[in-house]
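Working through the structure, step by step
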Number of protein chains: 2
Amino acid sequence: MEKNILLGHGSGGRLMHSLIRDLFIKYFDNPFLAQQSDSAILDLPPGKTAFTTDSYVIDPVFFPGGDIGKLAVCGTVNDLAVAGATPRYITAAFIIEEGLPMEELERIVASMAEEAKKAGVLIVTGDTKVVNKGQCDKLFINTAGIGELETAHAPIGTGEHIAAGDKILLNGPIAQHGMAIMAVRNFGNFNTSIQSDCSCLNHMIREVLDTGARVKFMRDATRGGLATVMCEMATQRGLGVEVNEEDVPVDDNVRGMCELLGFDPFYVANEGKLVMVVHPEDAEMVIQTMKNNPLGRDAAIIGELTGNHPGKAALQTAIGGKRIMDMLAGEQLPRIC
Amino acid sequence: MEKNILLGHGSGGRLMHSLIRDLFIKYFDNPFLAQQSDSAILDLPPGKTAFTTDSYVIDPVFFPGGDIGKLAVCGTVNDLAVAGATPRYITAAFIIEEGLPMEELERIVASMAEEAKKAGVLIVTGDTKVVNKGQCDKLFINTAGIGELETAHAPIGTGEHIAAGDKILLNGPIAQHGMAIMAVRNFGNFNTSIQSDCSCLNHMIREVLDTGARVKFMRDATRGGLATVMCEMATQRGLGVEVNEEDVPVDDNVRGMCELLGFDPFYVANEGKLVMVVHPEDAEMVIQTMKNNPLGRDAAIIGELTGNHPGKAALQTAIGGKRIMDMLAGEQLPRIC
């Protein structure tokens, strides 16, 4: 293979076919992709199907705890899983800047393959575009995903059954992804103690759903952080949200980096953190189930829903005050995912 | 709304929510999107499902006969339709350069909505990322799509039933899309007589399939042009391909532009042209059916499959010679789709 990506790798011709064969089919290896048709033909079981997409433009493409490829698989797997679906099939569409070292692309593709295998999803179809140098920044990846949904779990994605008194759960410490990226951007240090939490949550979510717990809503707290999910939940469902700051786990190093750079950890992006709203009687059982999975080791009940202040999310602060959490008005961290 | 796209429109916060509400939901209006969940929850009928994706990076984003939004809908609709599927649901993921005029984004979104309506597909979920000025070129769009497949049509996408003697059909003149783009890029003239053929072929394909004709393979001739599809067919199925140059329709203006700029029309991208391989007894019926649709008005039988020279695609030239068509080695037209 060539040492660097050429415009010809996006031409539809000989170079593109060799890239598909020697890189994508080699690593993603499965019978759907091997057909080299523009569409993968799937046999889905009866029932509902979840369908999602996300593009990833993270800078830098390699970061402590992951890379853009791992992130692209985890993000889409998590979007399906928080809808209550079992992720099954994903696509991988690459927009590559001319000149990208082939070795970097190969590491990223290998990382996608590894993460897809762990999550139990197949990468069944894709696309490659190459743009001239300077017309994109290294590499953007889009993944779309299909998941199978048991009808019983259908309304989890919209949370239409949540009610006052339900508990709000979180599977671990916040702000790690965003602060890992900011550490690298600001200090260029990959040996930082802060690692992105980028990970596929679908197996942990399945373990929780299999307990039969009354899970009423799930959402992964990505761009906009935990606060944004709290605001969305309050406004979309017309309930009040109460979060206890002291109950929200934040790693000490992450908190230090947030203070150093002037960020509020509640608004910093996560890529392996999940908000779950659960019937109060089932909350402890769900926490225990989460704790049995390494991705939920520090799971905590962080608050509850209330009939007070409908449409508003309130934070009970550690120093005894109360403040309203609002959505970010502008951009805090461009290209964080 | 703001006059230009800001980084904050990709933040996950307030600006992004208003963009989703005031632009995407407004134009794409459907109950799936209105749920504002990360996954759309679909009810697919029993049977096979086709799944595809493509990213669009075309430059310029507006061109004679279309724009990047129309193209993004048509391309994915066509990829599903040539697999024999009925396109149903698509995603729309935007990577936007900071500073893009909101008015341009709105025109593109309106164009996507219009084309989706014509094609009979719903845009059910999406994603928005904004990158800093200079880190992408105006706008890239990814669409992924789901189509429903009658099992009878299942092997059309791979062409595993094609045989020597089958006829090769084309629905109209080639090279229009690529040359429309090149005309604008080179001469900046939107009043050119050359228009892109960008269009959704799913209804015309459905009309053909509904005749009961023995359609054995379909592929849209996009990047790499007609020649690339001929080469793929020959190598993937181990048959010989014979195409008669005189039977392949090329518009006179397009031919002139190709000569002026030094392009071979057989390798120039199309966005509304379809190669169909049909049992010889059904070929005339299919041509008549295509001709009844405006998108197939100039449909023609352009060649056939043969047991001779397996794996090779040969062109019988207008001047009486014969030449082997090969895949493009490098890139002819970067960012043509």
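Note: the structure precedes this text.
Counting of residues starts from 1 at the beginning of each chain's written sequence and follows it residue by residue. Written order determines the labels here, with chains lettered from A and ligands numbered from 1. Totals for whole chains, interfaces and linings use every residue, but because this is a predicted model, local features are given only for residues with pLDDT of at least 70 and side-chain atom pairs only at 80 or more, for both listing and counting. The basis for the side-chain values is all heavy atoms of the structure; hydrogens and waters are excluded.

**A word on the relation of the copies chain A and chain B**
Stated formally: To superpose the copies, least squares is applied to the C-alpha atoms of every residue with a pLDDT of at least 70 in both. For this analysis, residues touch if any pair of their heavy atoms sits within 4.5 Å.
Under the fitted operation, chain A is carried onto chain B by 0.0 Å of movement along the axis and a turn of 180°, and the coordinates agree to an RMSD of 0.0 Å. Put plainly, the chains are arranged around a two-fold axis. Taking C-alpha positions as the reference, the residue of chain A nearest the rotation axis is Cys 136 of chain A, at 2.0 Å. With an isologous cut-off of 70% or more, the 100% of interface residues of chain A that recur at the interface of chain B puts this contact in the isologous class.

**Comments concerning unusual backbone geometry**
Residue and element names in this part refer to chain A. Let me state the cut-off plainly: By definition, any uninterrupted DSSP run of H or I lasting at least four residues is a helix, any uninterrupted run of E lasting at least two residues is a strand, and each is numbered from the N terminus. Only protein chains enter the area calculation, which uses a 1.4 Å probe; residues under 20% of their type maximum are buried, those over 50% are exposed, and those in between are partly exposed.
Residue Pro 60 is reached from Asp 59 by a cis peptide bond, and omega for that bond is 5°. Its place among the elements puts Pro 60 in the loop between strand S2 (48–56) and strand S3 (62–63). Positive phi values are uncommon outside glycine, yet Arg 335 reaches one of about 55°. Structurally, Arg 335 can be placed in the segment after strand S14 (322–325). By relative accessible area, which is 5% here, Arg 335 ends up buried.

**Some details on the pattern of salt bridges**
Pairing between side chains of opposite charge can happen when their charged atoms approach one another. Residue and element names in this part refer to chain B. How we decide: Put simply, a salt bridge is a Lys or Arg side-chain nitrogen that is within 4 Å of an Asp or Glu carboxyl oxygen.
Evaluation of the coordinates by the stated rule reveals 45 salt bridges over all chains. A salt bridge links Asp 197 to Lys 273; its shortest N-O distance comes to 2.9 Å. Taken as a pair, Asp 197 in the loop between helix H5 (176–187) and helix H6 (202–210) and Lys 273 in the loop between helix H8 (252–261) and strand S11 (274–278) lie far apart in primary sequence, 76 residues in all. Each member of the pair, Asp 197 as well as Lys 273, is classed as buried.

**With respect to the packing of aromatic side chains**
Spelled out, the test is: In summary, the pairing rule links any two rings of Phe, Tyr or Trp, Trp by its six-membered ring, whose centres are within 6.5 Å, and it sorts them by plane angle into stacked for under 30 degrees, edge-to-face for over 60 and tilted for everything else. A ring is considered to have a charge above it if a Lys NZ or an Arg CZ atom is located within 6 Å of its centre and within 35 degrees of its normal.
Under the criterion given, the structure shown has eight aromatic pairs over all chains. Ring geometry for Phe 32 of chain A versus Tyr 89 of chain A: centroids 5.5 Å apart, planes at 75°, classification edge-to-face. Within this pair, whereas Phe 32 of chain A is found in helix H2 (residues 31–34), its partner Tyr 89 of chain A is found in strand S5 (residues 85–97), the two being separated by 57 residues in sequence. For Phe 32 of chain A, a relative accessible area of 23% puts it in the partly exposed group. With a relative accessible area of 11%, Tyr 89 of chain A lands in the buried category. Considering the side-chain rings of Phe 51 of chain A and Phe 51 of chain B, the 6.0 Å spacing of their centres and the 75° angle between planes classify their relative orientation as edge-to-face. Here Phe 51 of chain A, found in strand S2, pairs with Phe 51 of chain B, found in strand S2 (residues 48–56), and the two come from separate chains. Both residues of the pair, Phe 51 of chain A and Phe 51 of chain B, belong to the buried class. Taken together, the ring pairs in this structure connect Phe 24, Phe 28 and Phe 94 of chain A into an aromatic cluster. Lying over the aromatic face of Tyr 56 of chain B, Lys 129 of chain A brings its terminal NZ or CZ to 5.6 Å of the ring centre. The lysine or arginine in question, Arg 107 of chain B, covers the ring of Phe 62 of chain B, its NZ or CZ lying 3.9 Å from the ring centre.

**Here's the deal with the environment of Lys 138 of chain A**
Residue and element names in this part refer to chain A. Note on placement: Lys 138 falls in the loop between strand S6 (122–131) and strand S7 (139–149). Classification of Lys 138 as partly exposed rests on a relative accessible area of 33%. Taking C-alpha positions, Lys 138 is 9.1 Å from Pro 60, a pair spaced 78 residues apart along the chain. Apart from residues no more than four positions distant in its own chain, Lys 138 is found in contact with Val 61, Ile 95, Ile 96, Glu 97 and Leu 100.

**Regarding helix H7 (residues 225–237) of chain A**
All names here are of chain A. Threshold: Helix span, as expected, comes to 1.5 Å for every residue beyond the first.
Its 13 residues give H7 an end-to-end C-alpha distance of 19 Å, which sits within 8% of 18 Å, the value for a rise of 1.5 Å per residue. Of all 13 residues in H7, ten are buried; the element is thus mostly enclosed. Looking only at H7, the buried set comprises Gly 225, Leu 226, Ala 227, Thr 228, Val 229, Met 230, Cys 231, Glu 232, Met 233 and Ala 234. After H7 finishes, the residue Gly 238 shows a positive phi value of roughly 65°.

**A closer look at the sheet that holds strand S1 (residues 40–43) of chain B**
The cut-off we apply is this: At least two DSSP bridges between two strands are needed for those strands to be called paired. Whenever a helix is involved, its axis is fitted only over the stretch in contact; in every case the axis is a line through C-alpha atoms, and angles between N-to-C directions fall within 0 to 180 degrees.
Pairing is mixed in the open sheet, where five strands are placed in the order S6(A)-S5(A)-S7(A)-S2(A)-S1(B). This sheet does not close on itself; its edge strands, each paired only once, are S6 of chain A together with S1 of chain B. For this sheet, the mean inter-axis angle between neighbouring strands, taken without regard to orientation, is 20°. Taken together, the nine bridges between S2 of chain A and S7 of chain A define a ladder with antiparallel strand orientation.

**Structural notes on the packing of helix H3 (residues 68–81) of chain A against helix H4 (residues 102–119) of chain A**
Residue and element names in this part refer to chain A. Counted only if it meets this: For classification purposes, an angle smaller than 35 degrees is called roughly parallel, one larger than 145 roughly antiparallel, one from 65 to 115 roughly perpendicular, and anything else oblique. The sense of a crossing depends on the near helix, which, turned anticlockwise from the far helix by less than a right angle, makes the crossing left-handed and, turned clockwise, makes it right-handed. All residues other than Ala, Val, Leu, Ile, Met, Phe, Trp, Tyr, Cys, Pro, Asp, Glu, Lys and Arg, Gly among them, are scored as polar; the first ten of these are nonpolar and the last four charged.
Where H3 contacts H4, the two axes come as close as 7 Å, and the packing angle between them is 30°. Judged by the inter-axis angle, H3 sits roughly parallel to H4. Crossing geometry of H3 relative to H4 is assigned as right-handed. Residue-level inspection shows Ile 68, Gly 69, Lys 70, Ala 72, Val 73, Cys 74 and Val 77 of H3 in contact with H4, the latter providing Ile 108, Ser 111, Met 112, Glu 115, Ala 116 and Ala 119. Partitioning the contact of H3 with H4 into residue classes produces nine nonpolar, two polar and two charged.

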